[in-house]
Amino acid sequence: MTLDRPEPQFIAGHPVLDLVNTVAWRTDDARRTERVTGAREWARWAAGAGIDAPPGGADGLPALRNALGEILDALADGVRPLPSAPWQELNRAIVGARQRARLPAELPLRWRPAGLADALALSAEELLSGPDAERIGRCQGPGCGWFYLDRTRAGNRRWCSSGDCGNRARARRHYARNAQSSPR
Ligand SMILES: [Zn+2]
């Protein structure tokens, strides 16, 4: 099967953020594109994202992705309180995932999710309740809207990828400099 759209990328450093990033050009309504649709593509995406879950159960992924995207946008924009509808959606997903999960008699305790969407819901709970929540950043590229974990010591990562939005920004700066310095 050939895809007539770009492959999903895994630049975020966390599967939950990679899930949100399965929509390209998130914040540009004209270019917004879902890069993963249907059970087979989700299964392939999950393998690429390194998600440890039984296959199947991808049905809830788009709704979970959209809810997480709205919540992370609100966090990035400093909007409080967080928007209620996506928060309820995330809440339902986490509670449902725990109800369906198994908890094997092993240490350390670790929930075994029943499927893909459940695995991502539990992973989102872990991300948002841990120290990495402070490191979630959003690409500053116009229209991009991709999220990542900022692992830089100074916490100053600005781009989803230096070769992508970072490159476009460098090209814009270069063009602006040349336009300024050339004789009129
Ligand atoms: Zn970007």
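The structure under discussion appears in the preceding block.
The notes below deal with the structure included here. (Residues numbered from 1 in each chain as written. Predicted model: local features only at pLDDT ≥ 70, side-chain atom pairs only at ≥ 80, totals over all residues. Heavy atoms only, no water.)

**Notes on helix H5 (residues 116-129)**
Step number 1: For H5, with 14 residues, the first-to-last C-alpha span of 20 Å sits near the 20 Å given by 1.5 Å per residue.
Step number 2: With respect to burial, H5 is a largely interior element, ten of its 14 residues being buried.
Step number 3: Taken together, the buried positions of H5 are occupied by Leu116, Ala117, Asp118, Ala119, Leu120, Ala121, Leu122, Ser123, Ala124 and Leu127.
Step number 4: On its buried face, H5 sits against helix H1 (15-20), helix H2 (39-49), helix H3 (61-77), helix H4 (84-100), strand E3 (136-138) and strand E4 (147-149). (Helix = DSSP H or I, 4+ residues; strand = E, 2+ residues; numbered from the N terminus. Expected span 1.5 Å × (residues − 1). Buried < 20%, exposed > 50% of the residue type's maximum accessible area, 1.4 Å probe, protein only. Contact = heavy atoms within 4.5 Å.)

**A look at the coordination of the zinc ion**
Step number 1: Coordination of the zinc ion by the protein comes from Cys139 (SG), Cys144 (SG), Cys160 (SG) and Cys165 (SG), over a distance range of 2.3 to 2.4 Å.
Step number 2: Note that the zinc ion binds four donor atoms; their angles at the metal cover 105 to 113 degrees, and the shape is tetrahedral. (Donors = N, O, S within 2.8 Å, 3.2 Å for Na, K, Ca; no water. Tetrahedral: all angles 85-135°; square planar, octahedral: opposite > 155°, others 65-115°.)

**Looking at the packing of H4 against H5**
Step number 1: H5 packs onto H4 with a crossing angle of 115 degrees between their chain directions and a minimal axis gap of 8 Å. When the interaxial angle is binned, H4 and H5 end up roughly perpendicular. The chirality of how H4 crosses H5 is left-handed. Residue-level contacts link Leu90, Ala93, Ile94, Ala97, Arg98 and Arg100 of H4 to Asp118, Ala121, Leu122, Ala124, Glu125 and Leu128 of H5.
Step number 2: Its residues placed into classes, the contact of H4 with H5 shows eight nonpolar, no polar and four charged. (Axes fitted to C-alpha atoms, helices over the stretch in contact; angles between N-to-C directions. Parallel < 35°, antiparallel > 145°, perpendicular 65-115°, else oblique. Left-handed = near helix turned anticlockwise from the far one by under 90°. Nonpolar A, V, L, I, M, F, W, Y, C, P; charged D, E, K, R; others polar.)

In short, shape yes, function no, at least from these values alone.
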